[in-house]
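What follows is each chain in one-letter form.
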Amino acid sequence: MQLYREAAIMPKRCASDARPPLGFAPIAAILSALVAFPCGSSATASEWMTMREGMLTIEAGGPLDFSADRLPPPAGRYGPIRVSGDGRLAFEGIGVHRFSCGSMAVTPSSGGFPDHERADLYSEQLRLHGYDLVRFHLVDLTLMEGRERDFDYDPEQFDRFQYFLASLKKNGIYWIIDVMSNWNGAKGDVYPSRWDHKYDLRMEVYTQPEAYDHWKRMVDTILAVRNPHTGLTTLEDPALVAVINVNENDLELEFRARRVPTWRPYPEAMRSGFAAWVSQRVRKGDAIESIIDDASVDERADPSRVTLPGKWSSLGRERAFRSYLVDLQIQTYDSMRRYLKARGFLGLSTMYDGSYLTVDANRARQSLQLVDQHEYFDLHRMEIGSKSTQKSSLEDGGRFARGLSSSRWLGRPFVVTEYGIPYWNAHRGEASLIVPAIAALQSWDAICLYGAGPIELDHSGPGWRKNTLYPFFGLGYDPVTRAGETLSRFLFVRGDVRGSETTYYLDLSTLPDGNTPLPANFEALALTSRIGLVETTYTPPPEGARPLPRTDLVAALASGRAHIVSDTGEILLDQASRRMRVKTVATEATTLSKFKGEPDLDFLRVHAADGTGVISISSLDGSPLTRSLQLLLIFTTDASTSGAKFAEPERRTVLDYGTFPVVVRRGRVRLDLAMPESERFRIVPLGFDGRRAPEGHDRTVRGGQIFDLDNEVGGHPVTYWLVERSIP
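Nothing here was measured: the structure is a model prediction, and the numbers come from that model.

### Brief notes about the overall build of the chain
Then comes step 1: Scanning the chain for helices and strands turns up 17 helices and 34 strands.
Then comes step 2: For 728 residues, the compact-globule formula gives about 27 Å, and the C-alpha radius of gyration of the chain, at 26 Å, lands near that figure.
Then comes step 3: C-alpha atoms of the chain, sized along the principal axes, occupy 90 × 60 × 55 Å.
Then comes step 4: The buried share of the chain, reckoned over its 728 residues, is 61%.

Here's what the structure looks like:
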């Protein structure tokens, strides 16, 4: 994820005379003429409640402590990661293991890597929250911030990074690490910001030997050096599950827009490689006319003179070039994989995680040891004046989540290290229902809600981004995303949503035109059954898998009125009402947008709701809801910051991000718990840290009794309630 520039959104106070950041005076002048609407869409100021600031750490043994069902520490005690016979992540002697992943996109503006004391506290809190894997993104950016010379890493940040790895390992938390995240790699003298696109190393690794050597030196100097806090190099440490060789450097992602809407020429640096690829095929016996249908006389005489596709080139030349790109990506990945292994790497490697749209984009992944994918809904920039659609992801049937499934190759591990609906979309809580539910149905191996960190320790951490909520920054401050991660833990990590027993495959060998999109009915099936790619030219489909069937789901989704139920019966999407509900033995959950007062869950029966949000209930011990003695009720609405301003009541255009404290939209839900009247439930509000509210704020209801749940308790917002069941 590289869509934002840090220098462009430096924070400002909420005073009426606050000036816009440098470089944005024109748009600020336009926006200043608009009416500024404070926190809320159509909500009034009285409907937003202020959260108390303070420590955000949860207590061991409390209702939000989910560490007990994770593997015992330290990470790596069962040896390096393995791949099971059916293509799942596994450990020797343990078997298949599904990871609970947190995203660590650490940057200088978020405080950089924590010092040793905070690293230990942070690692311990990650364990208590139930995480056992983190994905490190932008390590290169942070290590090279303000450095003049190539590979001259900030020594303090490098020591903190290595200590953080050791502390995570001690707490049983494994790692996924990008080698190269930033375009500039480990180049020095990049000013005014590392976000400036001074170099293009992520693309140049394919064609420029100097860029590829730069990547290898990054491996040697960041991951292949001995970590004094573990005694091992990071590459040889069994706590390292996977390496992302280069983040989002898919050639399909880079070049897919070169013909639409305006054509741009391909880089001339790729011509020699393309010509060599054509020449090799000719030497193997292919006629050049069968490769490039508009080959010139000179090209037919000497294939080494082949030119790149131009604006008016034939479709055949374009197809040939894209086939070359697929082979180039496969060869580059294989070279990188072998280099990592030679340097002592024991885990799995991956790349090409930024695009899934076409056949060729997915063909390039067929040689990966581990497939990774990224996708978002309502992805917008962060500068003042940026706009959110404020749409629900369910309007198009959760396509961003369904699309993730389209890049999954059957027979090998699949993870999603980036996904989400960024702040300030009021429907962002949907991401933590729809993606974990689909991930569990599809039996993926890990999912990471993207951000600078999944939790926060307090409101006084280092880094100027720690003073407000931004897209992808402040996940641990945002009650919506923090509670969403808790729900994700039940649905996906614990496996409350069952995996489908039906698998449909799409055979890419039947789709010769690599520049075409994948069939629409393929991703549509992600809501019903397990799906994945194969290429039978090389590998047969898994035993029991079925070919892609015809389906009317595409037409239903296009109409906006799809009503889709998973083959397990646990997931329902009602597109017209923008609702998704999950109904399992141990968890029930539903979105509340356009709720019409028709209860469709078995245990958690919602009768009325006054706005958007998500509500769920889960047994804390994993037993059925009808038998569990302790349950966790989660209810989220929307959150913002004090002084945040938008140009419209619907909060589409941001004028001011405001500052802490966080404010939460007040919400009410009318519900009952479907149990016999003889049973009683004590409902206890919990703080953001999981601690019980003071006496006098709890209530007791009987089974089947309809009651109103208000997220305002004692003048402050509440997200969690502990439900204690007493049996007569």
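### Brief notes about the sheet that holds strand β17 (residues 563-565)
Strands pair in a sheet through their backbones, by hydrogen bonds, and they do so in one of two ways: parallel or antiparallel.
Then comes step 1: Strand order across the open sheet formed by 9 strands is β17-β18-β19-β20-β22-β23-β34-β29-β30, with antiparallel pairing between neighbours. The open sheet has two edge strands, β17 and β30 (699-702), and neither has a second partner. Here the strands of the sheet are splayed against their neighbours by 15° on average, with no regard to which way each runs.
Then comes step 2: Relative to strand β19 (residues 579-583), strand β18 (residues 571-574) is paired through 4 bridges, and the arrangement is antiparallel. Considered in β19, the bridge of Leu573 is made with Met580.

### What about the environment of Asp656?
Then comes step 1: Locating Asp656 in the fold gives a position in strand β26 (residues 654-656).
Then comes step 2: When the C-alpha atoms of Asp656 and Tyr470 are compared, they prove to be 11 Å apart, with 186 residues separating the residues in sequence.
Then comes step 3: A polar contact is formed between the side chain of Asp656 and the backbone nitrogen of Gly658, at a distance of 2.8 Å.

### Quick notes on the environment of His374
Then comes step 1: Relative to the elements of secondary structure, His374 occurs in strand β11 (residues 371-376).
Then comes step 2: A relative accessible area of 4% places His374 in the buried class.
Then comes step 3: The spacing of His374 and Ile447 is 73 residues in sequence and 9.8 Å in space, taken between C-alpha atoms.
Then comes step 4: If we ignore the near neighbours within four places in the chain, the residues touching His374 are Arg135, Asn247, Glu248, Asp353, Leu404, Thr417 and Glu418.
Then comes step 5: Engagement of the side chain of His374 in a polar contact is seen with the side chain of Glu248, the distance being 2.7 Å.

### Considerations on the pattern of salt bridges
Then comes step 1: Per the stated rule, a full pass over the model turns up 53 salt bridges.
Then comes step 2: In this structure, Arg579 and Asp600 form a salt bridge, with 3.3 Å as the shortest nitrogen-oxygen distance. Taken as a pair, Arg579 in strand β19 and Asp600 in the loop between β20 (587-591) and β21 (604-609) lie far apart in primary sequence, 21 residues in all.
Then comes step 3: For Arg579, a relative accessible area of 9% translates into the label buried.
Then comes step 4: A relative accessible area of 26% places Asp600 in the partly exposed class.

Calculation rules
Residues numbered from 1 in each chain as written. Predicted model: local features only at pLDDT ≥ 70, side-chain atom pairs only at ≥ 80, totals over all residues. Heavy atoms only, no water. Helix = DSSP H or I, 4+ residues; strand = E, 2+ residues; numbered from the N terminus. Rg over C-alpha atoms; globule rule 2.2 N^0.38 Å. Buried < 20%, exposed > 50% of the residue type's maximum accessible area, 1.4 Å probe, protein only. Pairing = 2+ DSSP bridges. Axes fitted to C-alpha atoms, helices over the stretch in contact; angles between N-to-C directions. Polar contact = N/O pair within 3.5 Å; in protein donor to acceptor, adjacent residues only side chain to side chain. Contact = heavy atoms within 4.5 Å. Salt bridge = Lys/Arg side-chain N within 4 Å of Asp/Glu carboxyl O.

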